[in-house]
Amino acid sequence: MVGTPVEPETLKATLSNSPSAVTVVTVSDDEGVDPHGITVSSFASGSLEPPLVVVGLDRESETNERLRGEATGFCVNLLAADQRDLAEHFAGMIDLGEPFRRSHTTSRSGAPVFDDAVAFLDCEHVETVDLGDHVLHVGRVVDAAVLDASAPPLTYCRGEWGTVTEDLPRRRYVGS
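The following paragraphs examine the structure supplied in this document. (Residues numbered from 1 in each chain as written. Predicted model: local features only at pLDDT ≥ 70, side-chain atom pairs only at ≥ 80, totals over all residues. Heavy atoms only, no water.)

**Comments concerning the overall build of the protein**
Move 1: Scanning the protein from N- to C-terminus turns up three helices and 12 strands.
Move 2: When burial is assessed residue by residue, the protein has 36% of its 176 residues classed as buried.
Move 3: Taking the intrachain contacts of the protein between residues at least 6 apart in sequence as the baseline, contacts between residues at least 24 apart amount to 60%.
Move 4: Carbon and sulfur atoms form 52% of the exposed surface of the protein, whose accessible area is close to 10,300 Å². (Helix = DSSP H or I, 4+ residues; strand = E, 2+ residues; numbered from the N terminus. Buried < 20%, exposed > 50% of the residue type's maximum accessible area, 1.4 Å probe, protein only. Contact = heavy atoms within 4.5 Å. Areas by Shrake-Rupley, 256 points an atom, 1.4 Å probe, with all protein chains shown as cover.)

**Concerning the state of the cysteines**
Move 1: If you walk through the whole model with that rule in mind, you get zero disulfides.
Move 2: The cysteine Cys75 is free of any disulfide, with Cys123 supplying the nearest cysteine sulfur at 7.0 Å.
Move 3: Given the relative accessible area of 0%, Cys123 is considered buried. (Disulfide = S-S within 2.5 Å.)

**So, unusual backbone geometry**
Move 1: Note that the residue after Glu49, namely Pro50, is joined by a cis bond; omega there is 0 degrees.
Move 2: As for its placement among the helices and strands, Pro50 is situated in the loop between strand S4 (43–47) and strand S5 (52–58).
Move 3: Non-glycine residue Arg158 carries a positive phi angle of around 55 degrees.
Move 4: Along the polypeptide, Arg158 turns up in the loop between strand S11 (155–157) and strand S12 (160–162).

**Things to note about a negative patch on the surface**
Move 1: A cluster of acidic residues, Asp58, Glu60, Glu65 and Asp133, forms a negative patch at the surface.
Move 2: Position of Asp58 among the secondary structure elements: in strand S5.
Move 3: Overall, Asp58 belongs to the partly exposed group, its relative accessible area being 35%. (Patch = residues over 30% accessible without salt bridge, like charges linked within 9 Å, V, L, I, M, F, W, Y side chains within 5 Å. Salt bridge = Lys/Arg side-chain N within 4 Å of Asp/Glu carboxyl O. Lys, Arg positive; Asp, Glu negative; His and termini not counted. Charge placed at Lys NZ, Arg CZ, Asp CG, Glu CD.)

**Brief notes about the packing of aromatic side chains**
Move 1: This structure, assessed with the given rule, holds four aromatic pairs.
Move 2: Here the aromatic residues Phe90, Phe100 and Phe114 are joined through ring pairs into a cluster of three or more. (Phe/Tyr/Trp six-rings, centres within 6.5 Å; stacked < 30°, edge-to-face > 60°.)

**Here's the deal with the pattern of salt bridges**
Move 1: Taken as a whole and judged by the stated rule, the model has eight salt bridges.
Move 2: Measuring nitrogen to oxygen at the nearest pair gives 3.1 Å for the salt bridge that ties Asp34 to Arg66. You can see Asp34 sitting in the loop between strand S2 (23–27) and strand S3 (36–40) and its partner Arg66 sitting in helix H2 (residues 62–68), a full 32 residues away along the chain.
Move 3: Judged by relative accessible area, which is 47%, Asp34 ranks as partly exposed.

**Description of the sheet that holds S12**
For sheets, the rule is that strands pair by backbone hydrogen bonds, running either parallel or antiparallel.
Move 1: Taken together, the three strands give an open sheet; going across it, the order is S1-S11-S12, and neighbouring strands pair in antiparallel fashion. Single-partner strands in this sheet number two, and they are strand S1 (20–21) and S12.
Move 2: One ladder, built from two bridges, connects S1 with S11; its direction is antiparallel. Following the sheet pairing, Ala21 is matched in S11 by Thr155. (Pairing = 2+ DSSP bridges.)

**Here's the deal with a nonpolar patch on the surface**
Move 1: A cluster of nonpolar residues, Val6, Leu11 and Leu15, forms a patch on the protein surface that exposes about 280 Å² of accessible area.
Move 2: Assignment of secondary structure puts Val6 in the segment before helix H1 (8–15).

**Regarding the sheet that holds strand S6 (residues 73–78)**
Move 1: Strand order in the open sheet formed by seven strands is S3-S2-S6-S9-S10-S5-S4, and the pairing between neighbours is antiparallel. Every other strand in the sheet has two partners, leaving S3 and S4 as the edge strands with one partner each. Going from strand to strand, the sheet's axes swing by 35 degrees on average, the running direction of each strand aside.
Move 2: In terms of strand pairing, S6 meets strand S9 (residues 119–131) through six bridges, oriented antiparallel. When the bridges of S9 are listed, Leu78 appears paired with Ala119. (Axes fitted to C-alpha atoms, helices over the stretch in contact; angles between N-to-C directions.)

Okay, here's the thing in structure tokens:
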């Protein structure tokens, strides 16, 4: 049975009750210059074999345009709770001036990695899927690392920045 779709405001209010990891997706040109980033909470694991992740980008964003054009890879930076300023900068809320001074360039995609992030996933761009007002970009993970397993991850829930790890046990993961 096909019904009338839910209104966008209702969907947004409902989904806001699910905490989302906050990431900054970065891209660069083939020479590792002209870096660009965008705050993304629409991020998910796609597959372990092969290793794939999916990021949802507004179709009007510069990052989407770059991945549809010349950018061949991207990096998903999983932000730490104390990196709210980076999240706000790449969401267009504040201006940090030179945010990439806190990063280094990955050896595989050339996209920036933020040195103080919890972790990163460096990806080769493999597929684009148009869905409504967003575009899903699928990346094959070619490099990944936990940079600080003790840092609580930044989350976004009910319109607020936060974290969900206050009472969770610390675990050591492969690669950390």
